Amino acid sequence: AAALAGARALLMPSIAEGCGLPILEALWNGVPVLCSDIPPFLETAEGGGCHVVRAGSAAALAEGMERLAVDDALVRRLTHEACSRPLPTWAETARQVWTALEG
């Protein structure tokens, strides 16, 4: 939380990830996220608070970073989405994993 305090956005342009926990941590703290369009990130981004760019594209990343740097309306919208969307808790995640293992 301390690392995210005062941040305008979290940049997560990975091309391969399993979950993207830093994205959830940013959203839990009301910080917008710029992330790549890989499947695990898209799953989280669907709920709002994320600006998604094409994975592996330096041009798309640069454009997304510039938008977040200068477009206050976009940052306000993403911040509102991050603060108002339902986010998973550790307890909910543990229940989902347990259910999947039992099934």
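No experiment lies behind these values; they were computed from the predicted model shown.

1. Brief notes about the pairing of strand 2 (residues 33–36)
And then number 1: Of the two faces of strand 2, the one carrying Val33 and Cys35 and the one carrying Leu34 and Ser36 are both buried.
And then number 2: Relative to strand 2, strand 1 (residues 10–12) runs parallel, the two being bridged by three bridges. Within strand 2, the position partnered with Met12 by the bridge is Cys35.
And then number 3: The handedness of the strand 1 to strand 2 crossover, carried by helix 1 (residues 21–28), is right-handed.
And then number 4: Strand direction decides the pairing type here: strand 2 and strand 3 (residues 50–53), joined by four bridges, are parallel. Looking at strand 3, one finds that Ser36 is bridged to Val53.
And then number 5: Each parallel crossover has a hand, and the one from strand 2 via helix 2 (residues 39–45) to strand 3 is right-handed.

2. What to know about the pattern of salt bridges
And then number 1: Taken as a whole, this structure holds three salt bridges when the rule is applied.
And then number 2: With its nearest N and O atoms 2.6 Å apart, the salt bridge here joins Asp72 to Arg8. Here Asp72 is found in helix 4 (residues 72–84), whereas its partner Arg8 is found in the segment before strand 1, with 64 residues between them in sequence.
And then number 3: Arg8 sits in the partly exposed class, given a relative accessible area of 35%.

Cut-offs and rules
The residue count restarts for each chain, going from 1 along the sequence in the order it is written. pLDDT decides what is reported in this predicted model: residues at 70 or higher carry local features, side-chain atom pairs at 80 or more are listed and counted, and totals for whole chains, interfaces and linings draw on all residues regardless. As a rule here, side-chain values cover all heavy atoms of the structure and leave hydrogens and water aside. Only protein chains enter the accessibility calculation, which uses a 1.4 Å probe. A residue is then buried if its area is under 20% of the maximum for its type, exposed if over 50%, and partly exposed in between. What counts as a helix is a DSSP run of H or I of at least four residues, what counts as a strand is a run of E of at least two, and both are numbered from the N terminus. In short, DSSP must find at least two bridges between two strands for them to pair. Note on handedness: a clockwise path from strand one over the helix to strand two, with the strands aimed away from the viewer, defines a right-handed crossover. In the sections that follow, a salt bridge refers to a side-chain nitrogen of Lys or Arg positioned within 4 Å of a carboxyl oxygen of Asp or Glu.

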